[in-house]
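Coordinate inspection notes
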Amino acid sequence: MTLHQLSASEVVNLVKEKKVSVSEIIQDLYDRIAKVDPLVKAFLILNQEEALKQAKEIDTKVKKEEELPPLAGLAIAVKDIIATKGIETTCGSRMLKGFYPPYNATVIDKLKEAGAIIIGKTNLDEFAMGSSTENSAFGPTYNPWDLERVPGGSSGGSAAAVAADEAFIALGTDTGGSIRQPASFCGVVGLKPTYGRVSRYGLIAYASSLDQIGPITKNVSDSALLMRIISGPDNRDSTSVDLPVPDYLKSCQEEIKNIKIGVPREYFVEGMNFEVKDVVYQALKLLEELGAKIEEVSLPHTEYSLPTFYLIATAEASSNLARYDGIQYGYRTENYKDLSSMYQRTRSEGFGPEVKRRIMLGTYALSSGYYDAYYLKAQKVRTLIKEDFTRVFSKYDILVTPTSPTPAFKLKEKMADPLTMYLSDIYTIPVNLAGLPALSLNCGYSKGGLPIGLQLIGKPFEEETILRVAFNYEQNNKVEKRKPLQNLSPQKMVG
Amino acid sequence: MKEEVVIGLEVHIQFMTKAKIFCQCSTDYLGKGPNTNVCPICLGLPGSLPVLNKKVLEYALRTALALNCEINQVSRFHRKNYFYPDLPKAYQISQYDWPLGFRGHLEISIPPSGVRRRIGITRVHIEEDAGKLIHEGDIASSTYSLVDYNRSGIPLAEIVTEPELRSPEEARIFLMQLRSIVQHLEVCDGNMEEGSLRCDANISIRDSQTGVLGTKTEIKNMNSFRAVKKALEFEVERQKKLLAKGIKIVQETRHWDESKNITVSMRGKEEAQDYRYFPEPDLLPLKISPEMIEKIRRTLPELPESRKERFIKVYNLPEDDAEVLISNKALGDYFEKASAFYADKKILINWVRGELLYNLKEKKIEVEQSPISPEKLVGLLKLIDEGVISGKIAKTVFEKMFESGKEAREIVQEDKITQITDQNELIKIVDRVIEENPQSVEDFNQGKEKALHYLVGQVMRYTQGRAKPDFVSQAIKERIKN
């Protein structure tokens, strides 16, 4: 096994045991990126010079036998919507091309303090609005399992980078499924923490009441490893919650005998992709074998999730994205007569079509005369959706569902019809509306060899439980583990 | 039709907390280099988040309670969305449906009669201030504008009154008394010229017989108490004239042009903005416990009204003197400080209301910055009492103190303007005056008291006021008799 194929925990241990230098690891990773990323296009920005410098610093520490921080030498890819001091942060938008934040997101501060090294910033749908990473102003990312297909979105770059061994671990963000759906499409593990578990300070807002940062990893224990570092209250984010951060790795070790799993009936509808259905049922069978009690449950308001989400998320987005006005930073049109034309042209030229669509939708939903019928009503339905979950969680420990209705689809397949694209997040969206934690991990493959994801939904702030169930499943899953892009052949080149 | 003026005010006060409302930047922004008092949060940089400064909540509660408001036990922030270059996030974090305080009132007294009127306070809410645009030249001819965000995120309270003020003068008095309250609460310095207290007004004319309200206009840019009165007076006349001609008032925002003394139309109602208010998802609702409200209520400082009562009772001051002293907290403080060292309040108040206020106003200096401290003023008064200088000389000394900031005693010594206490020297001058004014002496002998005053005046003239008037008067009488 070559270095870039290692998991995060393996890397951290090898560094601690002085079996390999951090510089070697980082160099190997950049070699892998040089080879693979022309195909996958997971990265927007590479931080090579800085990363190699940091690697040397850690190697010196190792030589001097100094105490190492918990993630010393761990290379991490960061979704380009998380502010990184001195590293360009574009949100996949023309609007922020050339924007270098003068500060780090709290998660970045925490990771740096833990010794992690940022290797680059990954591609995404512009301002995290999309489900395929095709909405990036800088071109799409390709699914490492099939380069004609999308990696999912909006954290498509992060998921693809981890799947293609271009990073050991990555940060994504999830507003309606943007960590879990690409994790599912790329066959990796993606965790969206409970709203308030991880600080949003420095996460460039799409929909403030839904956004969360979370890890995308090669396996469940790496997810647990990263969660331990990035979670916890932050006095820079009023919505972060002051609860102790458990030792997630330790809880993974516990059994899942007698754990109560609910399977929401509304998530298994007639006409759903049979391959997804089959693989998810097999996964449920394995969980049952491991001692879990599985029963069907009902979340009756599920069908309203999508419209509710697209009213609340776009309303917040219309306000969050208003600051990109060409005044202080970012893109400004060259061609304007007065303030009003400067605003109009800057925003017309700076934003892509999906972002504009959502800003317009959200502006409409908040407008006087429409607020009650749209935004306010959506808030009320959001409460009903939350109550569905609360009711079910009084009897069950976790819920298990597919992550996405289909495996990865082809590029351009859904770009013409936004509504079809939105349906790709139908299983993930209710979780954000309810603020719950949820994890997606691979549970098998389609006949065509595309990964299929299993979603585990937990009670608020009980990431431990879903990590434990996921870990037990992963350990006992006998299906052969596959990796994409192992033998590169020239005819696979695209773009 | 019998016309009645209807005015409601919207007052913004800047809180004197150390830090801004949602970040750690200082609130001391005046005079700093442009965009030096800023951080990612008050610049609204992508990814930054607001965190409420708890002091702001405390100050706002003090304000709301002093204005007899009810307090919403759960209050929340809203976003007010609009585009303007001085607004870095393109929304202002403000309050909307659940303001901190509501349904309050302020009882004002109208001088000179002292008639009391209760003005309803609709709401008191918290919000953030915006930056400032700077135009090269003036706004109309400038080819570009610069933005300074130093003021962005300064904590504000918005205080909205019911439309219950009945004249521009009443509006001015209300505003003065409101200022005095926020000064006494030590939440705002109330400086209108520097913009720490700002006032917009809604004004309309009502038919008092039918009670039908007229169309209102909103007046902005009134940067002093005088401007408030003048702008509103102008607007009353303007509206009355239009109504007399049968022309309809247009609902609009009008700008007070201080140099031309007129209000000018800024924008009409059809251009009114839809602010698309919605709850701010980055901040949690504010939960205010009854205990917290009680604690703040208990620790409210003495407010102007009770201070006035105390001044009347304890210092035995006439009501109008007390009224002047409480109109500006710093002036009341000045008086109280001086009082501690000086017993005769009557003399003290005369100097404070007379020389001190006159000179401060003339030089446009705030009481806090007075070059003559209360201690120094008392020093001067004691020199009079000791007979070192006369009251008249003291006024000259006062002016010199005001210019130099020196102690009275120091000035008196430097300028050798102590009173002539050498009796022989004074008698010589008295004799000379008697000799030079035989007619007056004769008049005095015939019982004309006025003649004595004249003679005393002459002695004072020769001594350049350095003689003690009582002594001179006595001396003249005696010398004439002899």
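Note that the coordinates shown come from a computational prediction; the quantities given were computed from them, not determined experimentally.

**What about the sheet that holds strand E7 (residues 260–264) of chain A?**
All names here are of chain A. Strand order in this open sheet of 11 strands is E1-E3-E2-E4-E6-E5-E10-E11-E9-E7-E8, and the pairing throughout is mixed. Both edges of this open sheet fall to strand E1 (43–46) and strand E8 (293–297), since each of them pairs with a single strand only. With strand direction ignored, the average angle separating the axes of adjacent strands in the sheet is 30°. Strand direction decides the pairing type here: strand E10 (residues 438–445) and strand E11 (residues 451–458), joined by 7 bridges, are antiparallel.

**Describing the nonpolar core**
Of all hydrophobic cores here, the largest spans 241 residues; its most connected members are Phe127 and Leu171 of chain A. Ranked by residues supplied to this core, first place goes to helix H2 (residues 22–40) of chain A with 9 residues. Here Phe127 of chain A is in contact with Ile81, Cys91, Ser93, Met95, Leu96, Ile204, Tyr206, Leu321, Tyr324, Phe351 and Val355 of chain A, once residues within four sequence places are set aside. The next biggest cluster of nonpolar side chains, apart from the first, holds 36 residues, and it includes Leu325, Trp351, Leu383 and Val397 of chain B.

**Focus on the layout of surface pockets**
Residue and element names in this part refer to chain B. In this structure, the second largest pocket spans a volume of roughly 1700 Å³. Among the secondary structure elements, those contributing two or more residues to the lining of the second largest pocket are strand E6 (101–110), helix H2 (168–184), helix H3 (225–244), helix H5 (304–314), helix H6 (319–326) and helix H8 (345–363). No other element matches the 9 residues that H2 contributes to the lining of the second largest pocket. Residue composition of the lining of the second largest pocket, grouped by class: 17 nonpolar, 11 polar and 14 charged. Summarising the domain contributions, the lining of the second largest pocket has at least three residues from each of domain 1 (3–292) and domain 2 (302–415).

**Re the state of the cysteines**
Residues and elements named next belong to chain B. Taken as a whole and judged by the stated rule, the model has 0 disulfides over all chains. Between Cys199, a free cysteine, and Cys188, which holds the nearest cysteine sulfur, the sulfur-to-sulfur gap is 13 Å. Taking relative accessible area as the criterion, Cys199 reaches 2% and is therefore assigned buried.

**Observations concerning a negative patch on the surface**
Among the surface-exposed residues, Asp189, Glu193, Glu194, Glu366 and Glu368 of chain B lie close enough to one another that they form a single negatively charged patch. Here Glu194 of chain B lies in the loop between H2 and strand E11 (197–207).

**A short note on the sheet that holds strand E15 (residues 278–279) of chain B**
Residues and elements named next belong to chain B. Reading across from one edge, E5-E4-E15 is the order of the 3 strands in this open sheet, with antiparallel pairing throughout. In this open sheet, the two edge strands, each paired with only one partner strand, are strand E5 (91–94) and E15. The sheet contact formed by strand E4 (residues 78–81) and E5 spans 4 bridges and is antiparallel. Bridging across to E5, Arg79 finds its partner in Ile93.

**A few points about the domain arrangement of chain A**
All names here are of chain A. You can read the domains of chain A as domain 1 (3–299 + 399–476) and domain 2 (302–383). Taking only C-alpha atoms into account, the centre of domain 1 sits 27 Å from that of domain 2. Between domain 1 and domain 2, the residue contacts involve 30 residues of the former and 27 residues of the latter. Around 2700 Å² of area is buried between domain 1 and domain 2 when both sides are counted, 64% of it from carbon and sulfur atoms. In terms of surface lost to domain 2, no three residues of domain 1 exceed Met95, Tyr422 and Leu433, which account for 28% of the buried area on that side. Scanning the region where domain 1 abuts domain 2 turns up 0 salt bridges. Joining domain 1 to domain 2, the criterion identifies 14 residue pairs in polar contact (both at pLDDT 80 or more). Of all elements in the fold, only helix H14 (418–423) and helix H15 (429–434) reach the threshold of two or more residues within the side of domain 1 that touches domain 2. Ranked by residues supplied to the side of domain 1 that touches domain 2, first place goes to H15 with 4 residues.

**As for the pattern of salt bridges**
Counted under the stated rule, the structure contains 55 salt bridges over all chains. Linking Arg180 of chain A and Asp174 of chain A is a salt bridge whose minimum nitrogen-to-oxygen distance equals 2.8 Å. Residue classification places Arg180 of chain A among the buried positions, given a relative accessible area of 0%. Accessibility expressed as a relative area gives 0% for Asp174 of chain A, which makes it buried. For the salt bridge of Glu107 of chain B with Arg118 of chain B, the shortest nitrogen-to-oxygen distance reads 4.0 Å. With Glu107 of chain B in strand E6 and Arg118 of chain B in strand E7 (residues 115–128), this pair connects stretches of sequence that are 11 residues apart. Because the salt bridges share partners, they merge into one network encompassing Glu186, Glu302, Arg307, Arg310, Lys329, Asp333 and Glu336 of chain B.

**Observations concerning the interface of chain B and chain A**
Taken together, the contact between chain B and chain A spans 31 residues of the former and 37 residues of the latter. The contact between chain B and chain A buries some 2700 Å² in all, and 58% of this surface belongs to carbon and sulfur atoms. On the chain B side of the contact with chain A, Pro46, Phe83 and Arg276 of chain B bury the most area, a combined 23% of that side's loss. The shortest N-O distance in the salt bridge between Arg200 of chain A and Asp282 of chain B comes to 3.0 Å. The tally of links between chain B and chain A comes to 14 residue pairs in polar contact (both at pLDDT 80 or more). Residue assignment for the side of chain B that touches chain A shows that the elements contributing at least two residues are E4 and E15 of chain B.

**Examining the environment of Phe168 of chain A**
Residue and element names in this part refer to chain A. Inspection of the secondary structure puts Phe168 in the loop between helix H5 (156–163) and strand E4 (169–174). It is 9.1 Å that separates the C-alpha atoms of Phe168 and Ile216, two residues lying 48 residues apart in sequence. Not counting residues up to four positions away in its chain, the partners in contact with Phe168 are Leu3, His4, Leu6, Ala8, Val11, Ile25, Leu29, Leu74, Ala75, Val162, Lys218 and Asp222.

**Observations regarding the side chain of Asp37 of chain A**
Residue and element names in this part refer to chain A. When you line up the elements, Asp37 lands in helix H2. One polar contact links the side chain of Asp37 to the main-chain amide nitrogen of Ala42, over a distance of 2.7 Å. In this structure, Asp37 is in contact with Arg32, Ala42, Phe43 and Glu166, ignoring residues within four places of it in sequence.

**Some details on the packing of aromatic side chains**
Residue and element names in this part refer to chain A. All told, the structure shown has 30 aromatic pairs over all chains when counted by the stated rule. Ring centres 3.9 Å apart and planes at 15° place the aromatic pair Tyr310 and Tyr422 in the stacked group. Note that Tyr310 is positioned in helix H10 (residues 305–320) and Tyr422 in helix H14, a separation of 112 residues in sequence. Accessibility expressed as a relative area gives 6% for Tyr310, which makes it buried. Here Tyr422 falls in the buried class, since its relative accessible area comes to 7%. Among the aromatic residues, those joined into a cluster by ring pairs are Phe99, Phe127, Tyr324, Tyr329 and Phe351. Sitting over the ring of Tyr445, Arg482 keeps its end group 4.0 Å from the ring centre.

What counts and how
- Residues numbered from 1 in each chain as written.
- Chains lettered and ligands numbered in written order.
- Predicted model: local features only at pLDDT ≥ 70, side-chain atom pairs only at ≥ 80, totals over all residues.
- Heavy atoms only, no water.
- Pairing = 2+ DSSP bridges.
- Helix = DSSP H or I, 4+ residues; strand = E, 2+ residues; numbered from the N terminus.
- Axes fitted to C-alpha atoms, helices over the stretch in contact; angles between N-to-C directions.
- Core = buried A, V, L, I, M, F, W, Y, C linked by side-chain atoms within 4.5 Å.
- Buried < 20%, exposed > 50% of the residue type's maximum accessible area, 1.4 Å probe, protein only.
- Contact = heavy atoms within 4.5 Å.
- 1 Å grid on protein atoms, 1.4 Å probe; cavity = no way out; pocket = protein on both sides within 12 Å on 5 of 7 lines; lining within 4 Å.
- Points joined across faces, edges and corners; volume = space filled by probe spheres on them.
- Nonpolar A, V, L, I, M, F, W, Y, C, P; charged D, E, K, R; others polar.
- Domains from an automatic or database assignment.
- Disulfide = S-S within 2.5 Å.
- Patch = residues over 30% accessible without salt bridge, like charges linked within 9 Å, V, L, I, M, F, W, Y side chains within 5 Å.
- Areas by Shrake-Rupley, 256 points an atom, 1.4 Å probe, with all protein chains shown as cover.
- Salt bridge = Lys/Arg side-chain N within 4 Å of Asp/Glu carboxyl O.
- Lys, Arg positive; Asp, Glu negative; His and termini not counted.
- Charge placed at Lys NZ, Arg CZ, Asp CG, Glu CD.
- Buried area = accessible area lost by both parts, 1.4 Å probe.
- Polar contact = N/O pair within 3.5 Å; in protein donor to acceptor, adjacent residues only side chain to side chain.
- Phe/Tyr/Trp six-rings, centres within 6.5 Å; stacked < 30°, edge-to-face > 60°.
- Lys NZ or Arg CZ within 6 Å of the ring centre and 35° of its normal.

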